[in-house]
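In case you want the letters, here they are:
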Amino acid sequence: MIQYLLTFSISSIFIYISKYIKRNQRWILFFIALFIPCFLAGIRSEIIGTDVNVYLMPIYNAAEKAGNFNEYLNTSWFHIYRYNSVKEYEIGFITVIYVLVKMFHSIFVVKFFIQFLIIYPIYFALKKYGEKTLIWIGMLIYFLLFFNQSLNIMRQYISMSFVFLAIVGFIKTNDFKHYVIFQLIALTFHSSSLIGLGIFFIYKFLYRNEVNSITVLNKRVMYISILGLLLLLSPTLISKFLAQIGLNSYSLYIKGELTFMPNQIIIRLPLLILSLINWNKMCKKSEYFHFYFCMLIFTILFAQLAGSSQFGARIAIYFAVFQIVLCIQLCKTIGRNQINMVILNIGIIAYYLFYWWFYYAYMGMDATVPFISISN
């Protein structure tokens with residue numbers, strides 16, 4: 001357990017102190033800050049994260065043995081009553097694995113680079129967001145909320161990171177070309193990243209006609225929230241829609257009856273309460289607060305799918321990652337003076353530290369605690 005907490009702390013501290021370093025020397029601290037969590041991911045044992053043995057190791061072994069890329073694509077292995085094939089997985093992911101294996105022949109390098117493809121887009125998106133002095137707390141929240149799970153569902157986390165970068169980048173620069181590029185990259189790692197298109201349309205609906213009226217934005221948040229609830233209550237409709245666009249396999253994400261999951265609300269209640277209590281202040285002083293609040297609502301709604309299948313809550317991660325920016329906005333807006341900022345930072349860190357301990361250490365979610373290194 002201590003390996004994770006030391007990694008999170010050291011990485012965040014290096015990012016924090018970088019603001020006191022000369023601009024042309026900061027890259028050294030950023031490099032170290034991102035290298036450390038990637039290194040930890042690289043040296044982990046194959047039993048850390050259940051999906052490592054489900055598909056990463058078989059794909060890695062297929063790449064090692066294959067004489068060419070075509071032979072690699074057609075390699076299959078038996079897993080839980082059926083044969084899986086390399087070509088069943090998204091082209092971006094399997095191509096990256098093949099290239100890395102043929103270049104380095106090292107599972108450490110493969111796991112290291114997978115984590116880099118997750119962490120760097122998150123960091124780069126926060127950098128584009130523009131709050132350079134608060135990147136450290138954004139990355140710390142990412143580590144405590146998502147790092148352990150990213151050691152398990154690797155493909156989807158790479159995809160989620162690029163969707164996050166695509167959306168945040170578009171919000172800050174309005175560069176549609178870059179949005180399309182990052183969205184397409186996300187699709188090559190996991191087809192579920194089509195959810196990114198829905199997130200994009202939520203943003204466009206909120207801010208269409210360059211509306212500046214808080215009253216209008218409040219109404220649109222309500223409309224979007226109602227739409228999200230209706231979608232959640234219509235699993236059959238969603239399944240039919242998935243089938244129509246060629247994603248019938250993802251119907252298992254919403255398989256079964258919808259079950260109310262109060263714990264999925266409770267764990268996000270502090271952020272929800274902070275946002276509602278400071279609603280007027282946030283609306284006036286935090287840019288695009290309504291969008292990030294919508295992402296929180298959709299996280300809560302789609303996290304309810306955890307009750308319908310073991311895969312259900314994975315849809316919510318595409319929305320949940322935006323909590324990072326919402327937390328930064330709350331820290332910046334509520335913590336206008338130094339004392340308030342320190343108190344708020346401590347409170348947020350303490351809460352997410354408890355979240356990490358409860359879900360990953362105590363409950364054992366995603367099979368990542370205790371940490372076991374590859375040498376063991």
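This section reports on the structure supplied with the text. (Residues numbered from 1 in each chain as written. Predicted model: local features only at pLDDT ≥ 70, side-chain atom pairs only at ≥ 80, totals over all residues. Heavy atoms only, no water.)

### Comments concerning the packing of aromatic side chains
- Applying the stated criterion to the full structure yields 64 aromatic pairs.
- When the ring of Phe 31 is compared with that of Phe 35, the centres are 5.8 Å apart and the planes differ by 25°; the resulting orientation is stacked. Residue Phe 31 and its partner Phe 35 are both found in helix α2 (residues 26-43); the two are separated by four residues, about one turn of the helix.
- Residue class for Phe 35 comes out partly exposed when judged on its relative accessible area of 33%.
- With a centroid separation of 5.1 Å and an interplanar angle of 90°, the aromatic rings of Tyr 207 and Tyr 288 are classed as edge-to-face. Residue Tyr 207 is found in the loop between α10 (195-206) and α11 (214-232), and its partner Tyr 288 is found in the loop between α15 (279-285) and α16 (289-302); the two are separated by 81 residues along the sequence.
- In this structure Tyr 207 comes out as buried when scored by relative accessible area, which is 14%.
- Sitting above the plane of the Tyr 129 ring, Lys 172 keeps its charged end 5.5 Å from the centroid. (Phe/Tyr/Trp six-rings, centres within 6.5 Å; stacked < 30°, edge-to-face > 60°. Helix = DSSP H or I, 4+ residues; strand = E, 2+ residues; numbered from the N terminus. Buried < 20%, exposed > 50% of the residue type's maximum accessible area, 1.4 Å probe, protein only. Lys NZ or Arg CZ within 6 Å of the ring centre and 35° of its normal.)

### Quick word on the pattern of salt bridges
- Enumeration according to the criterion identifies four salt bridges in this entry.
- Arg 314 is the partner of Asp 51 in a salt bridge, and the nearest nitrogen-oxygen pair spans 4.0 Å. Of this pair, Asp 51 sits in helix α3 (residues 50-65) while Arg 314 is found in the loop between α16 and α17 (317-320), placing the two residues 263 residues apart along the sequence. Exposure class is identical for Asp 51 and Arg 314. Each is buried. (Salt bridge = Lys/Arg side-chain N within 4 Å of Asp/Glu carboxyl O.)

### Re α10
- With 12 residues, α10 should reach 16 Å at 1.5 Å per residue; the first-to-last C-alpha distance of 17 Å fits that figure.
- All buried positions along α10 are accounted for by Gly 196, Ile 199, Phe 200, Ile 202, Tyr 203 and Leu 206. On an axial view of α10, the arc spanned by its buried residues comes to 155°, and they lie on one face.
- Structurally, α10 contributes buried residues whose contacts are with α8 (154-173), α9 (176-189), α11, α16 and α17. (Expected span 1.5 Å × (residues − 1). Arc of directions from axis to C-beta. Contact = heavy atoms within 4.5 Å.)

### Focus: the packing of helix α6 (residues 107-129) against helix α7 (residues 135-150)
- Packing of α6 against α7 brings their axes to within 11 Å, and their N-to-C directions diverge by 155°. Taken as axis vectors, α6 and α7 run roughly antiparallel relative to one another. You can see that α6 and α7 cross each other, and the crossing is right-handed. For the pair α6 and α7, the contacting residues are Gln 115, Ile 118, Ile 119, Ile 122, Tyr 123, Leu 126 and Lys 127 in the first and Ile 135, Gly 138, Met 139, Tyr 142, Phe 143, Phe 147 and Ser 150 in the second.
- Residues that form the contact of α6 with α7 fall into these classes: 10 nonpolar, three polar and one charged. (Axes fitted to C-alpha atoms, helices over the stretch in contact; angles between N-to-C directions. Parallel < 35°, antiparallel > 145°, perpendicular 65-115°, else oblique. Left-handed = near helix turned anticlockwise from the far one by under 90°. Nonpolar A, V, L, I, M, F, W, Y, C, P; charged D, E, K, R; others polar.)

### A short note on the packing of helix α1 (residues 2-17) against α2
- As a packed pair, α1 and α2 sit with axes 8 Å apart at the nearest point and diverge in direction by 165°. In terms of axis orientation, α1 runs roughly antiparallel to α2. For α1 against α2, the interelement crossing comes out left-handed. The residues of α2 that touch α1, namely those facing Gln 3, Tyr 4, Thr 7, Ile 10, Ser 11, Phe 14, Ile 15 and Ile 17, are Leu 29, Phe 30, Ile 32, Ala 33, Leu 34, Ile 36, Pro 37 and Leu 40.
- Class assignment of the residues belonging to the contact of α1 with α2 gives a composition of 13 nonpolar, three polar and no charged.

### Examining the environment of Tyr 351
- In this fold, Tyr 351 is placed in helix α19 (residues 338-362).
- With 207 residues separating them along the chain, Tyr 351 and Leu 144 place their C-alpha atoms 9.8 Å apart.
- In this structure Tyr 351 touches Ile 266, Ile 267, Arg 268 and Pro 270, once residues within four positions along its chain are discounted.
- From its side chain, Tyr 351 meets the backbone oxygen of Ile 267 in a polar contact 2.2 Å long. (Polar contact = N/O pair within 3.5 Å; in protein donor to acceptor, adjacent residues only side chain to side chain.)

No statement about biological role is implied by the geometric values presented.
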